[in-house]
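Close look at the chain arrangement
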Amino acid sequence: MLGPIRESLSAAHTWISDTLWPQQEVLMMGDSGGGKTTALYRLIFGKEVATLPTYVYNVESLTIQGVRFKVLDFGGQMGSFWRHYVSVRTAGIIWMVDSTNEDELETLRTDPWRVLWDYNRVSKETVLLVFANHQDRLNALSVVEVKDKLELETRARGRRWHIQGSSATTGEGLVEGMEWMATQLSKAR
């Protein structure tokens with residue numbers, strides 16, 4: 001007897017919450033060990049949190065500059081599984097790359113564009129934020145080198161994008177990158 005009532009209340013709560021306080025859906029992707037989950041939890045908790053490898057995905061919420069984000073953090077081993085979660089509701093894509101792994105950067109060069117261009121389910125307004133992670137390591141490529149390796153300027157084709165140097169463990173650059181995304185998404189409202 002309580003099942004249908006509970007379901008109705010839950011649906012009503014979700015509708016009210018989504019209507020009054022809408023969330024921007026953001027997909028966080030990148031290579032294994034790139035720091036996606038560490039960065040997400042650093043943004044949420046303000047400190048480094050011990051993490052385990054993500055084998056499917058995590059869903060977390062956070063607010064930056066008054067913009068509420070629903071972040072889907074996909075494990076690096078997901079292959080193209082995340083494409084099933086890309087939709088016209090996807091407001092932004094966060095691409096976390098390991099700036100110390102030059103070989104992997106060559107492989108990742110086409111991945112964000114495959115998400116943004118090959119899947120017609122993504123809005124033309126979807127923004128791309130690239131975190132050039134591990135900038136705190138001595139062997140890290142510079143942000144400019146990562147930008148060039150990923151061919152961001154030539155592949156963007158009019159899409160709004162930004163690359164931000166970061167360190168998921170120290171938190172360097174994470175808030176600045178998310179503030180850029182919040183500003184971009186606020187403009188689109």
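Residues numbered from 1 in each chain as written. Predicted model: local features only at pLDDT ≥ 70, side-chain atom pairs only at ≥ 80, totals over all residues. Heavy atoms only, no water.

Digging into the sheet that holds strand S2 (residues 57–64)
Inclusion rule: By definition, two strands form a pair when at least two bridges between them are found by DSSP. To qualify as a helix, a DSSP run of H or I must reach at least 4 residues; to qualify as a strand, a run of E must reach at least 2; elements of each kind are numbered from the N terminus. Helix axes use the C-alpha atoms of the stretch in contact, all axes being lines fitted to C-alpha atoms, and the angles between their N-to-C directions lie in the range 0 to 180 degrees. It only takes one pair of heavy atoms within 4.5 Å for two residues to be counted as in contact.
Read across the sheet, six strands follow the order S2-S3-S1-S4-S5-S6 without closing on themselves; strand pairing throughout is mixed. Each edge of the sheet is formed by a strand with only one pairing partner; in this case those strands are S2 and strand S6 (161–165). Geometrically, the sheet is characterised by an average inter-axis angle of 25 degrees between neighbouring strands, direction not taken into account. The sheet contacts of helix H2 (residues 36–45) involve strand S1 (23–30), S2, strand S3 (67–74) and strand S4 (90–98), and relative to S2 the element is tilted by about 35 degrees. On the sheet, helix H5 (residues 143–150) packs against S4, strand S5 (127–133) and S6 and is oriented at approximately 140 degrees with respect to S6.

Comments concerning the pattern of salt bridges
We count it as follows: A carboxyl oxygen of Asp or Glu within 4 Å of a side-chain nitrogen of Lys or Arg is what we treat as a salt bridge. Burial classification: accessible surface area is computed with a 1.4 Å probe over protein chains only, and a residue below 20% of its type maximum counts as buried, one above 50% as exposed, and the rest as partly exposed.
Counted according to the given criterion, the structure contains five salt bridges. Between Asp 148 and Lys 147 there is a salt bridge, with its nearest N and O atoms 3.7 Å apart. Under the relative-accessibility criterion, Lys 147 is labelled buried at 15%. Each of Lys 147, Asp 148 and Glu 153 takes part in a single network of salt bridges with overlapping partners.

Quick word on the pairing of S5
Of all seven residues in S5, seven are buried, a share of seventy percent or more. Across seven bridges, S4 lies against S5 in parallel orientation. Its bridge partner being in S5, Ile 94 is matched across the sheet by Leu 129. In this sheet, S6 lies alongside S5 in parallel orientation, the contact comprising five bridges. Its bridge partner being in S6, Ala 132 is matched across the sheet by Gly 165.

Focus on the packing of aromatic side chains
This is how it is decided: In this scheme Phe, Tyr and Trp rings, the latter by its six-membered ring, pair at centre separations within 6.5 Å, and the angle between planes marks the pair as stacked below 30 degrees, edge-to-face above 60, and tilted otherwise.
The final tally for this structure, using the stated rule, is one aromatic pair. Considering the side-chain rings of Tyr 41 and Phe 45, the 5.9 Å spacing of their centres and the 45 degrees angle between planes classify their relative orientation as tilted. Of this pair, Tyr 41 and Phe 45 both sit in helix H2, four residues apart, which is roughly one turn of that helix. Its relative accessible area of 15% is what places Tyr 41 among the buried residues. For Phe 45, a relative accessible area of 51% gives the class exposed.

As for the environment of Lys 149
Note the threshold: Within 3.5 Å is the distance limit for a polar contact, defined as a pair of N or O atoms, with the added protein rule that one can donate a hydrogen and the other accept it, and that residues adjacent in sequence qualify only through two side-chain atoms.
Along the chain, the position of Lys 149 falls in helix H5. Sequence-wise, Lys 149 and Thr 107 are 42 residues apart; in three dimensions their C-alpha atoms are separated by 9.9 Å. Excluding its chain neighbours within four sequence positions, the residues that come into contact with Lys 149 are Glu 102, Leu 105, Glu 106, Arg 109 and Leu 141. Polar side-chain contacts of Lys 149 include one of 2.8 Å to the side chain of Glu 102.

Interpretation in functional terms is not warranted from these geometric data alone.
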